[in-house]
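# Report on the structure
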Amino acid sequence: MCNAPWNPKILRAATLVPDLPNASTALFLKLVPIRAFMVVPLIAIAAFFGVRARKDAGGGVSITNEELLAQFKDTELTRHKNSVWNLLLTAFMIFCLIVFEKAPQYDVFALGLVVALALNFPTSRSRTGCSRSMRRRCSRCARPCSSPA
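In every chain, residue numbers begin from 1 and rise along the written sequence. Per-residue local features of the predicted model are confined to residues with pLDDT of at least 70, and side-chain atom pairs are confined, for both listing and counting, to 80 or more; whole-chain, interface and lining totals are unaffected and use all residues. Each side-chain value is derived from all of the structure's non-hydrogen atoms; neither hydrogens nor water enter the calculation.

## Structural notes on the nonpolar core
- The definition of a nonpolar core used throughout is a set of buried Ala, Val, Leu, Ile, Met, Phe, Trp, Tyr and Cys residues joined through side-chain atoms within 4.5 Å. In this scheme, a residue with accessible area under 20% of its type's maximum is buried, one over 50% is exposed, and one in between is partly exposed, where area comes from a 1.4 Å probe on protein chains only. By size, the foremost hydrophobic cluster in this structure holds 6 residues: Leu89, Met93, Cys96, Leu97, Val108 and Ala116.
- Secondary structure counts use DSSP, requiring at least four H or I residues in a row for a helix and at least two E residues in a row for a strand, with both numbered from the N terminus. When residues of this core are traced back to their parent elements, those giving at least two are helix 5 (83–99) and helix 6 (105–120).

What follows is the structure, encoded as structure tokens:
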């Protein structure tokens, strides 16, 4: 399910309706009820395959909650302190896309990208991939970090 008004299929369909301003948003809004309805079968199919995979494993795979939490400890998702602000920014961008139909969508995305980058990577060091928690060399940029370990 590609749930965005800027996905290629909706954009191709929007080119066929030149009289409608912001045709991609208008087409997307007409598809929202169908997509909302399709979430139910999607979750049901996922649950079915999940139960079937557990039965096929035959109980051979057992993991405790502590092991599971240890796998996800100190990952990008657990360290992220701006999750609420990112969700609010995303909701605000979707609101702007729906309410301000005359505004070009690429302007909304460009503004949202600039705000998201400034929010999530406030310093130049965080934008390059170097951080204090990294040891001798950054895995991303493969150069020594100047910050103390």
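## A word on the packing of aromatic side chains
- Only centres within 6.5 Å qualify two rings of Phe, Tyr or Trp (six-membered ring in Trp) as a pair; their planes then separate them into stacked at under 30 degrees, edge-to-face at over 60, and tilted for everything else. Following the criterion strictly, the structure yields 2 aromatic pairs and no others.
- Taking 5.3 Å as the distance between ring centres and 65 degrees as the angle between the ring planes, the aromatic pair formed by phenylalanine 48 and phenylalanine 49 counts as edge-to-face.
- Since its relative accessible area comes to 48%, phenylalanine 48 is described here as partly exposed.
- Arranged with centres 6.5 Å apart and planes meeting at 85 degrees, the rings of phenylalanine 95 and phenylalanine 100 form a pair that is edge-to-face.

## Re the packing of helix 5 against helix 6
- At a closest axis distance of 10 Å, the pairing of helix 5 and helix 6 adopts a crossing angle of 170 degrees. Considering their axes alone, helix 5 and helix 6 lie roughly antiparallel with respect to each other. Residue-level contacts link Trp85, Asn86, Leu89, Met93, Cys96 and Leu97 of helix 5 to Gln105, Val108, Phe109, Gly112, Val115, Ala116, Leu119 and Asn120 of helix 6.
- A per-class count over the contact of helix 5 with helix 6 returns 10 nonpolar, 4 polar and no charged. Angles shown run from 0 to 180 degrees and are taken between the N-to-C directions of axes, each axis being a line fitted to C-alpha atoms and, for helices, limited to the stretch in contact. The scheme is simple: roughly parallel for angles under 35 degrees, roughly antiparallel for over 145, roughly perpendicular for 65 to 115, oblique for anything else. In this description, contact between two residues means that some pair of their heavy atoms is separated by no more than 4.5 Å. Classes in brief: Ala, Val, Leu, Ile, Met, Phe, Trp, Tyr, Cys and Pro nonpolar; Asp, Glu, Lys and Arg charged; the others, Gly included, polar.

## With respect to the side chain of asparagine 82
- Inspection of the secondary structure puts asparagine 82 in the loop between helix 4 (76–79) and helix 5.
- If sequence neighbours within four positions are ignored, asparagine 82 has contacts with Leu119 and Asn120.

## So, the confidence of the model for the protein
- For the protein, per-residue confidence averages 75 on the pLDDT scale, and 72% of positions sit at 70 or higher.
- When pLDDT is averaged over each helix and strand of the protein, the minimum, 59, is found for helix 4 and the maximum, 89, for helix 5.
- The predictor rates its confidence in each residue with pLDDT, a number between 0 and 100. Taken together, the stretch residues 134–138 has pLDDT below 50 and engages in 11 contacts with residues farther than four places along the chain or on a different chain.

## Section: helix 2 (residues 23–57)
- By this rule, a helix spans an expected 1.5 Å times one less than how many residues it contains. Between its first and last C-alpha atoms helix 2 spans 48 Å; for 35 residues at 1.5 Å apiece the expected length is 51 Å, and the two agree.
- Maximum bend of helix 2: about 40 degrees, positioned at valine 32, with proline proline 33 one to four residues after it.
- For helix 2, the set of buried residues is Ala23, Ser24, Thr25, Phe28 and Arg35.
- Against helix 1 (8–14), helix 5 and helix 6 lie the buried residues of helix 2. A residue's bend is given by the angle between axes fitted to the 7 residues ending at it and the 7 residues starting at it.

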